[in-house]
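Spelled out from the first residue to the last, the chains are:
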Amino acid sequence: MARENTPNSAVSRQVDITAATSLLTRFLDAGTVDDPPTPVRILFDNDGASIWTTNQTRTLQVFVDRWGVLSSLAEPCVLLVNPKELSNLLKLKFQSENVRITTDTHSMIRIQGETTGAEINCADEDECLTIPDRW
């Protein structure tokens, strides 16, 4: 099956997704390769969620590709975030809930659970460690 988008694709930075916390945190933990962790570009599209990243020394490449974590997706989009930070927040505040995550380019990432909400900063594009499509 041909891939339409990759984490490097020029898709929308306007994110509007809904996912189960338990599925999303496992996905985010799989995309965390450094301690302290570094930000990544996360692609959400109809094929699932994908993180293509490398560690800071560029000795390890990780492809977490096409994971089925979404309940709903407005349009294909990319989220710039520290995966460990988002995973920890979801585990602590939203344990077994479904969450809606929304943001616009260069805006706070808003997470709305069934009973509460939270906000975190988005990452800077230049800080994200992403594997180029050509690799």
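See above for the structure.
Residues numbered from 1 in each chain as written. Predicted model: local features only at pLDDT ≥ 70, side-chain atom pairs only at ≥ 80, totals over all residues. Heavy atoms only, no water.

Engineer: Can you help me understand the sheet that holds strand E5 (residues 70–73) in this one?
Structural biologist: The pairing of strands in a sheet happens through backbone hydrogen bonds and is either parallel or antiparallel. An order of E5-E1-E7-E8-E9 is seen for the five strands of this open sheet, with the pairing classed as antiparallel. Here the strands that pair on one side only, and so sit at the sheet edges, are E5 and strand E9 (117–120). Sheet twist, expressed as the mean angle between neighbouring strand axes with direction ignored, is 20°. Two elements, strand E1 (residues 15–20) and strand E7 (residues 98–103), share six bridges in a ladder whose sense is antiparallel. Bridge pairing in E7 places alanine 20 opposite asparagine 98. Against the sheet, helix H1 (residues 21–30) makes contact with E1 and E7, and its axis sits at roughly 105° relative to E1, the strand it touches most. (Pairing = 2+ DSSP bridges. Helix = DSSP H or I, 4+ residues; strand = E, 2+ residues; numbered from the N terminus. Axes fitted to C-alpha atoms, helices over the stretch in contact; angles between N-to-C directions. Contact = heavy atoms within 4.5 Å.)

Engineer: Sorry if this is basic, but what is going on with the packing of H1 against helix H2 (residues 83–93) here?
Structural biologist: The geometry of a pair of packed helices is captured by two quantities: the angle between their axes and the separation between those axes. It is the contact of H1 with H2, at a shortest axis distance of 9 Å, that shows an interaxial angle of 155°. With respect to their mutual orientation, H1 and H2 come out roughly antiparallel. Note on packing geometry: the crossing formed by H1 with H2 is left-handed. Contacts from Thr21, Leu24, Thr25, Leu28 and Asp29 in H1 reach Pro83, Lys84, Leu86, Ser87, Leu90 and Lys91 in H2. (Parallel < 35°, antiparallel > 145°, perpendicular 65-115°, else oblique. Left-handed = near helix turned anticlockwise from the far one by under 90°.)

Engineer: I would appreciate a short explanation of the side chain of arginine 41 in the present structure.
Structural biologist: Within the element layout of this structure, arginine 41 appears in strand E2 (residues 40–45). Polar contacts involving the side chain of arginine 41 include one to the main-chain carbonyl oxygen of proline 7, which spans 2.6 Å. Here serine 9 takes part through its backbone oxygen, which lies 3.1 Å from a polar atom of the side chain of arginine 41. Setting aside residues up to four positions removed in sequence, arginine 41 forms contacts with Pro7, Asn8, Ser9, Ser50, Ile51, Val78, Leu79, Leu80, Glu125, Cys128 and Thr130. (Polar contact = N/O pair within 3.5 Å; in protein donor to acceptor, adjacent residues only side chain to side chain.)

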